Structures are given as structure tokens and as C-alpha cells.
Amino acid sequence: MLEKILVKEVVAPFIIIAFSILFYMIISRIIKKIFQVKTKRINEKRQKTFVGLINNCIRYFIIAVALMMILEVYGIDTKSLVASLGVLSLVAGLALQDILKDIIVGCSIILEDQFSVGDTVTIAGFTGTVVELGLKTTRIKSYTGDIKIISNRNITEVVNHTIVENNMLIDVAVGYDTDLKKANEVLTTLCERFSKENKLTNPAECLGVEDLADSGIKFRVVIPAPYADKFSLARKFKEQVKEDFAQNGIVIPYPQLVVHNG
């Protein structure tokens, strides 16, 4: 008698839990394979987003089913429990309306392709890479490593930096005594070489004189680049500007203070 009780009320729940975990792992792998084979027209980031969302739904479903099975093991009538939940559905709906909003908004984000896992976005003034898009929350990781968790219902405006290339604007200053034609030629040549070396989809371009500043004349350069690469490319371009200007005798100005005695 004791052995039957142990098998039923102790061993059975562990078997149900183990089977549920194994079943979830198998289903997750099948879903991943299906998306890899059948959805070639969907880019990799959207595949990860869809797979993550579907896995979340399946996980919650398996947990609910496993819980019901365990309750049955302990002699709890789950049918009457489900019926009673129907009576409490209105109250639960009011209490969980924020969660329902999160789920609805999360689904609409994916269906409308507002952003996907791996995209660089700005939401509520926070810029970073989307590392997880779940049913309830979205996780964004900044370049400093900080992670912000945002409830999906609070995502009202999104700036997606990954959909198209960004135009990176760099202002390069030269002294007032500089030959402007020569400076423009040096920057134009540098833009052409820089575009080839870094295999830019669209070439960098020197637009010409942008501003007559206090300490020098500023040329504006436009470099089309993916948002994730723009900062490293900007640093690299500025280094080459310094080298090319030095080789051609072009002086980069700096603020000076003139003191008159007398």
C-alpha cells in the first residue's frame, strides 16, 4: 500500500515534469528546423523572433497541462477546477488586463515587423540591441552592457536603426589659410578609398564647405553605414583624415587665445 502511494504521489509528478521538459525540448528543435527549412524568405532575425515567441507559447501551454496532470495525481478534480475558473475569468481578465495588453502588443510588433531580435532600436530614450522579444516584455542591451526590460504595452514609439543604412555626418575643420580646393580634393580621394577599403554599400561623399566657424572652415562628409558599424567607422575615418592632412600639409585648426599687452 505504501509503495503504491509513493509511486502515485511522489514518483508520478517527477515523471510528468521530466516528460514535459523532454517534450518541450523536442518540440523546440522541431520548430527551429521547420523555420530553417521552410522560411527561407524570412530573414534570420525574424526567424529568431518567431521561434522565440512560439516557444514561449508552447512552454506556457506545457506548464499548464503538466500542472493539471499533477493535480489529478493528488486527487483534485481538474474538470470542476476549470469550470470554476470560467466563473472567475471576468475577475481574472480585469486583474490581468495589463498582461493581456503586453501579449497583444508583442504579437502586433512581430506581425507588423516593427523590430526583431538583433535590431538596434531606440525605445523610450534607451538605445540598444534587442536581445529578447517575449510575450510580456522586450529586453534591450546597450553598448555599455546595460539591459533595459520594457513592458510591451509601454512601447508606443520605436526608432529602428537597422532597417536602412544611416547617414553618418562628420565635420572636418581646416584653417582659414588653407587652399579649399586642395582640401576638398584630399577629402574626396579619402572618401573614395575609404569606401572601397571598408566595402561600403554606398560610397562616402564630401559635400564641401559646411560652416565658417570661429577657428576654422568646416567640410562636411557623409558616410552611409549600418548603425552598428557607424561609431567604429567614424573613428577610423578621422584617423585617416589626420594622416592624409599631415601628408598634404593641411593644418587642422584648434582654438587659440590672442592676448594683447599694453
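The preceding data block contains the structure.
These lines cover the structure that appears in this document, whether it is placed above or below. Just so it is clear, the structure is predicted and the values come from calculations on it, not from any experiment.

### Looking at the nonpolar core
Moving on, step 1. I170, V174, L187, I223, F237, V241 and F245 are the most contacted members of the largest nonpolar core, which totals 24 residues.
Moving on, step 2. Among the elements of the structure, β6 (166-174), α6 (180-197), β8 (217-225) and α7 (230-247) are those that each provide at least two residues to this core.
Moving on, step 3. Among the elements that take part in this core, α6 stands out by supplying 6 residues, more than any other.
Moving on, step 4. Discounting chain neighbours no more than four positions away, the residues touching V241 are V172, L187 and L190.
Moving on, step 5. Counting residues in each nonpolar core, the second largest holds 14 residues, with F115, V117, V121 and I155 among its members.

### Overview of a nonpolar patch on the surface
Moving on, step 1. Together, L22, I26, I30 and I34 line one region of the surface with nonpolar side chains, adding up to about 350 Å² of accessible area.
Moving on, step 2. Considering the arrangement of structural elements, one finds I26 in helix α1 (residues 2-38).
Moving on, step 3. In this structure I26 comes out as partly exposed when scored by relative accessible area, which is 44%.

### Focus: α7
Moving on, step 1. Across its 18 residues, α7 extends 26 Å between first and last C-alpha, which sits within 8% of the 26 Å expected from 1.5 Å per residue.
Moving on, step 2. Those residues of α7 not exposed but buried are K230, L233, A234, F237, Q240, V241, D244 and F245. Across the axial projection of α7, the buried residues extend over an arc of 135°, all falling on one side. Residues of α7 that are exposed and point more than 90 degrees away from the buried face comprise R235, K238, E239 and A246.
Moving on, step 3. Residues of α7 that are buried in the fold lie against β6, α6 and β8.

Scoring rules and cut-offs
- Residues numbered from 1 in each chain as written.
- Predicted model: local features only at pLDDT ≥ 70, side-chain atom pairs only at ≥ 80, totals over all residues.
- Heavy atoms only, no water.
- Core = buried A, V, L, I, M, F, W, Y, C linked by side-chain atoms within 4.5 Å.
- Buried < 20%, exposed > 50% of the residue type's maximum accessible area, 1.4 Å probe, protein only.
- Helix = DSSP H or I, 4+ residues; strand = E, 2+ residues; numbered from the N terminus.
- Contact = heavy atoms within 4.5 Å.
- Patch = residues over 30% accessible without salt bridge, like charges linked within 9 Å, V, L, I, M, F, W, Y side chains within 5 Å.
- Areas by Shrake-Rupley, 256 points an atom, 1.4 Å probe, with all protein chains shown as cover.
- Salt bridge = Lys/Arg side-chain N within 4 Å of Asp/Glu carboxyl O.
- Expected span 1.5 Å × (residues − 1).
- Arc of directions from axis to C-beta.

In short, geometric facts, not functional conclusions.
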